[in-house]
Amino acid sequence: MTETFTIRKYLRDLTLPFCAGCGCVTVMNCFLRAVHELGHNDLRKFVFCSGIGCSAWIPSPYFEADSIHTTHGRSIPVALGVKLMRPDLNVVVFGGDGDLAGIGLSHLVHAARRNVDIMVVMVNNMIYGMTGGQVAPTTPLGVRTTTTPYGSFDPPLDTVRLVATAGASYAARWTTMHFGQLKEAMKAAVTTSGFSFIEAVSPCPPAFGKKIGLKDAAGMLRLFKENSLSLEQADKMTKEELENKIVVGEYVRRKRPTFTERICETLKEAEKTAEEN
Amino acid sequence: MAKPLAGTYFWQGNEASAEGAIVAGCRFFAGYPITPASEILEHMAFRLPQNGGIVVQMEDEMAALGAVIGASWTGAKAMTATSGPGFSLMQELLGYAFMTETPCVVVDVQRAGPSTGQATKCGQGDVMQARWGIHGDHASIVLSPNSVQEMFELTIQAFNLAETYRTPVVLLADEIVAHMRERMTVPSLEQTTIAERKKPNSTEKQFFGLKQVAPMPSVGEGFNVAVTGSTHDEQGYRFTADPLVHRRLVRGLVEKIRSNTDRIVDFESYKTDDCDVGIVCFGCTSRAVYEAVELAEDKDVKVGFLRLKTIWPFPEKNVNSMAQTAHVVIVPEMNLGEILYEVDRAVQGAAKVVPLNKIGGGEMITPEELLAEIVGSVKAS
Ligand SMILES: Cc1ncc(C[n+]2csc(CCOP(=O)(O)OP(=O)(O)O)c2C)c(N)n1
Ligand code: SF4
């Protein structure tokens with residue numbers, strides 16, 4: 001087994017930029033513990049890609065690792081380019097719900113469809129955190145954000161279900177309240193071949209908590225706990241009953257041919273035609 | 001081995017560009033279909049895998065350039081190709097490639113815009129977009145081929161410049177040059193110059209913002225490189241508010257290219273030091289210039305021209321020196337006047353600068369139209 005866990009061994013000696021009570025810190029911790037438990041004493045075998053937003057800062061530049069901090073929404077295509085040319089590396093994407101389920105949604109769906117062998121962690125704080133609390137595609141109905149002062153009027157997107165349906169090998173949702181399960185999900189995602197996706201429902205006290213009348217992270221975590229349901233429980237409930245609930249668990253875990261496997265097949269075919277010519 | 005063998009070919013411009021990329025050592029191509037650039041993606045999809053490379057059609061142009069940037073950070077030479085609408089979508093990531101010093105090649109086969117415009121017809125309206133499409137301060141390297149031969153050669157040159165200066169390079173082609181077929185030669189590999197990016201030695205820590213072009217590590221080599229499009233120091237650490245770090249980085253990135261203008265600039269010139277009428281041209285339009293010059297010489301008019309192979313950086317000095325002998329400088333373009341303003345700025349009043357513009361239907365400026373302009377300007381002066 002590996003040495004005891006210290007988060008420091010995976011981090012650069014820099015001050016983290018997150019607010020007090022920010023779920024990004026929990027997500028970072030969970031991921032690094034998962035990596036530790038999988039026997040990695042450093043992040044040499046990993047490349048991290050992220051977009052723009054608070055959550056996108058989790059790896060960049062804080063992880064002592066290769067990291068590519070891209071533009072808003074485009075982390076997944078960049079990760080795909082890295083993975084195709086270096087299939088031996090674990091390519092992991094971190095990002096917010098705005099970054100991955102808003103501006104970058106089409107890349108997320110297509111990467112799941114293609115079953116690209118990368119892992120994506122979406123920190124869902126149900127709001128645009130970095131820009132100060134605008135409505136996100138994941139904001140529950142009725143929340144008064146800076147851009148929906150009379151209450152949000154769009155139903156939120158069930159990103160995990162979408163990704164699972166599109167073809168991912170692995171997809172799960174947990175909240176930062178479920179530290180153990182979230183960590184186990186991270187381990188499963190790192191070791192999955194094919195596309196793996198984790199949604200971590202996460203507190204953002206200043207930009208979201210405040211909007212729903214909660215001042216600190218503790219209140220938000222309590223709310224997550226009270227509103228979380230398992231997939232089995234959710235199965236027995238109506239759509240109306242499920243409104244504003246957080247359905248947690250593993251949505252899919254399956255074996256499917258991966259993007260790199262399929263591309264390797266076509267490469268063999270191409271090499272044959274080159275020889276024939 | 002499936003690189004094109006040395007010899008004579010009858011290729012289409014887009015095909016020649018793809019083959020040039022293969023010769024240059026391109027290992028990754030991602031694209032999204034668009035007329036009149038699709039043949040590059042199609043030809044690469046067939047040919048690059050035969051050379052052990054990978055081609056993916058992505059979900060849009062942002063994804064295409066994003067994947068190219070990711071591939072470039074693994075050490076691979078990488079390219080994409082598009083036309084106006086797709087080139088517009090790529091601008092944010094083009095700026096990212098500039099800011100992060102990511103070598104890559106973007107082919108923009110110009111068609112008539114704005115918007116969807118005339119999708120299958122030639123235009124030259126992206127000249128200023130190729131220079132200024134990126135937001136914020138930056139420098140650009142943009143090459144302009146005028147033949148199938150140059151679609152091949154300048155694609156190789158685009159890779160060489162991208163790798164040498166660690167920056168995105170745009171090959172600004174046009175529908176006519178990209179779709180025509182003509183005879184061209186592929187030289188032997190020994191006669192072909194191929195540049196590679198500078199790699200760091202194992203103790204190096206500074207990978208960004210150096211005027212002498214910083215060495216570029218790849219991911220997975222143990223350098224723990226932190227790449228970001230935010231303002232960063234030489235190690236890649238973000239400084240989102242420090243005025244000095246921003247000044248140093250952005251000035252440095254611009255200077256890196258500006259200070260090498262003389263090395264980068266390439267053009268074809270004809271009698272520029274002894275002409276009454278000068279012409280500045282590029283791309284397909286220059287094909288009419290060749291014939292117009294012959295026709296004018298038959299009428300004893302002394303004409304010279306400067307044909308830009310590098311549009312950006314702009315060969316300011318050379319345009320200015322042509323204007324010292326010419327009374328008039330004619331600028332034919334298939335747009336409503338773009339490079340015209342750059343010529344005007346370079347000439348600095350030393351000669352009269354006359355635009356000759358034509359747009360629509362992919363109709364080229366004809367040698368006769370140019371001749372009329374040349375003869376008319378001689379009479380007027
Ligand atoms: C193309 C583009 N549009 C808008 C922005 C401004 N912007 C920066 S972060 C952000 C939203 C971030 O929200 P999310 O992805 O949920 O991350 P969080 O900060 O909540 O972790 C936006 C809209 C940008 N950087 N780029
Ligand atoms: S604004 Fe929200 S998401 Fe951003 S650091 Fe603060 S708590 Fe975290």
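You'll find the structure just up there.
First, a word on what this report is: a plain description of the structure on this page. Bear in mind the structure is a predicted one, so any value in this text is a computation, not a measurement.

## Topic: the sheet that holds strand 13 (residues 303-308) of chain B
Residues and elements named next belong to chain B.
Then comes step 1: Reading across from one edge, 11-13-12-15-16 is the order of the five strands in this open sheet, with mixed pairing throughout. Both edges of this open sheet fall to strand 11 (267-270) and strand 16 (352-357), since each of them pairs with a single strand only. In this sheet, adjacent strand axes meet at a mean angle of 15° when their direction is disregarded.
Then comes step 2: Relative to strand 16, strand 15 (residues 328-333) runs parallel, the two being bridged by six bridges. Counted as the bridge partner of valine 328 is lysine 352 from strand 16.
Then comes step 3: Packed on one face of the sheet, helix 11 (residues 316-325) meets strand 11, strand 12 (277-281), strand 13 and strand 15 and runs near 175° to strand 13.

## Let's talk about the site of ligand 1
Then comes step 1: Taken together, the neighbourhood of ligand 1 is formed by 17 residues, with Cys54, Ser55, Gly98, Asp99 and Gly129 of chain A sitting nearest.
Then comes step 2: The local environment of ligand 1 is shared, drawing residues from chains A and B.
Then comes step 3: Separating an oxygen atom of ligand 1 from a side-chain N or O atom of serine 55 of chain A is a distance of 2.4 Å.
Then comes step 4: Within the backbone of methionine 130 of chain A, an N or O atom sits 2.9 Å from an oxygen atom of ligand 1.
Then comes step 5: When ligand 1 sits alone it has 590 Å² of accessible area, and the protein chains cover 77% of it.
Then comes step 6: Counting residues per element, the shell around ligand 1 draws most heavily on helix 3 (residues 97-103) of chain A, at four residues.
Then comes step 7: Partitioning the shell around ligand 1 into residue classes produces six nonpolar, eight polar and three charged.

## Quick notes on the nonpolar core
Then comes step 1: Judged by nonpolar contacts, the single largest core of 95 residues is most densely connected at Phe195 of chain A together with Phe28, Ile339 and Val343 of chain B.
Then comes step 2: Among the elements that make up this core, the one with the highest residue count is helix 3 (residues 61-72) of chain B (eight residues).
Then comes step 3: If you count residues domain by domain, this core takes at least three from each of domain 1 (7-191) and domain 2 (268-380) of chain B.

## Focus on unusual backbone geometry
All names here are of chain B.
Then comes step 1: A cis amide bond links threonine 35 with the next residue in sequence, proline 36, at an omega value of 5°.
Then comes step 2: In this fold, proline 36 is placed in the loop between strand 2 (26-31) and helix 2 (38-47).
Then comes step 3: In the segment running from tryptophan 312 into proline 313, the intervening peptide bond is cis, with an omega of -5°.
Then comes step 4: Its identity is not glycine, yet glutamate 101 carries a phi of approximately 55°, on the positive side.

Calculation notes
Residues numbered from 1 in each chain as written. Chains lettered and ligands numbered in written order. Predicted model: local features only at pLDDT ≥ 70, side-chain atom pairs only at ≥ 80, totals over all residues. Heavy atoms only, no water. Pairing = 2+ DSSP bridges. Helix = DSSP H or I, 4+ residues; strand = E, 2+ residues; numbered from the N terminus. Axes fitted to C-alpha atoms, helices over the stretch in contact; angles between N-to-C directions. Contact = heavy atoms within 4.5 Å. Near = heavy atom within 4 Å. Polar contact = N/O pair within 3.5 Å; in protein donor to acceptor, adjacent residues only side chain to side chain. Areas by Shrake-Rupley, 256 points an atom, 1.4 Å probe, with all protein chains shown as cover. Nonpolar A, V, L, I, M, F, W, Y, C, P; charged D, E, K, R; others polar. Core = buried A, V, L, I, M, F, W, Y, C linked by side-chain atoms within 4.5 Å. Buried < 20%, exposed > 50% of the residue type's maximum accessible area, 1.4 Å probe, protein only. Domains from an automatic or database assignment.

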